[in-house]
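Spelled out from the first residue to the last, the chains are:
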Amino acid sequence: MNGDVFRWSWLWPRLAAWFGVEAVGFDGTIHPLEAELSQDAAVWRDIAERHQLQEPALDRLASPWHTDLDLGRPVEVMTDMTNSRKRGFLAYQSTEDSFFDLFEQLRTDRLIP
């Protein structure tokens with residue numbers, strides 16, 4: 001994501017801990033997010049209404065098919081930012097910090113509890 005080396009298997013438990021929920025490890029069965037969220041539009045609409053969120057339509061808020069493409073690969077993907085940095089893209093933040101900073105901002109703006 002940001003050029004650092006990370007593995008989702010390391011990051012999921014940290015993300016879960018930030019939210020105060022239990023992380024569930026991969027059991028070998030793929031659970032596409034698109035299928036998992038397919039019946040949740042009304043649930044999200046209720047959450048958005050209860051917390052006065054700006055976007056009540058789940059399909060306009062999230063693209064689960066995109067997440068499925070990113071996380072559903074049968075091989076682990078490693079990226080290298082060397083060429084970007086050689087060309088002047090020097091700003092850096094760890095992937096973990098990127099997530100936590102975003103979540104903190106959303107919490108400050110009252111977009112997540």
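Residues numbered from 1 in each chain as written. Predicted model: local features only at pLDDT ≥ 70, side-chain atom pairs only at ≥ 80, totals over all residues. Heavy atoms only, no water.

Colleague: Can you tell me about the packing of helix α1 (residues 8-19) against helix α7 (residues 95-108), naming the residues and giving the values?
Modeller: As a packed pair, α1 and α7 sit with axes 11 Å apart at the nearest point and diverge in direction by 25 degrees. Comparing the axis directions of α1 and α7 gives the class roughly parallel. Where α1 crosses over α7, the two elements pack in a sense that is right-handed. On α7, the residues touching Trp8, Leu11, Arg14, Leu15, Trp18 and Phe19 of α1 are Thr95, Glu96, Phe99, Phe100, Phe103, Glu104 and Arg107. Looking at the contact of α1 with α7 residue by residue, the class counts come to eight nonpolar, one polar and four charged. (Axes fitted to C-alpha atoms, helices over the stretch in contact; angles between N-to-C directions. Helix = DSSP H or I, 4+ residues; strand = E, 2+ residues; numbered from the N terminus. Parallel < 35°, antiparallel > 145°, perpendicular 65-115°, else oblique. Left-handed = near helix turned anticlockwise from the far one by under 90°. Contact = heavy atoms within 4.5 Å. Nonpolar A, V, L, I, M, F, W, Y, C, P; charged D, E, K, R; others polar.)

Colleague: Talk me through the packing of aromatic side chains; I want residue IDs and the actual numbers.
Modeller: With the rule as written, the count across this model stands at seven aromatic pairs. Taking the centre distance of 6.4 Å and the plane angle of 15 degrees together, the rings of Trp18 and Phe100 count as stacked. A residue pair is termed long-range when its members are at least 10 positions apart, and Trp18 in helix α1 and Phe100 in helix α7 qualify at 82 residues. Take Phe100: its relative accessible area is 14%, and that puts it in the buried class. Taking the centre distance of 5.4 Å and the plane angle of 45 degrees together, the rings of Trp18 and Phe103 count as tilted. (Phe/Tyr/Trp six-rings, centres within 6.5 Å; stacked < 30°, edge-to-face > 60°. Buried < 20%, exposed > 50% of the residue type's maximum accessible area, 1.4 Å probe, protein only.)

Shape descriptors only; they carry no functional weight alone.
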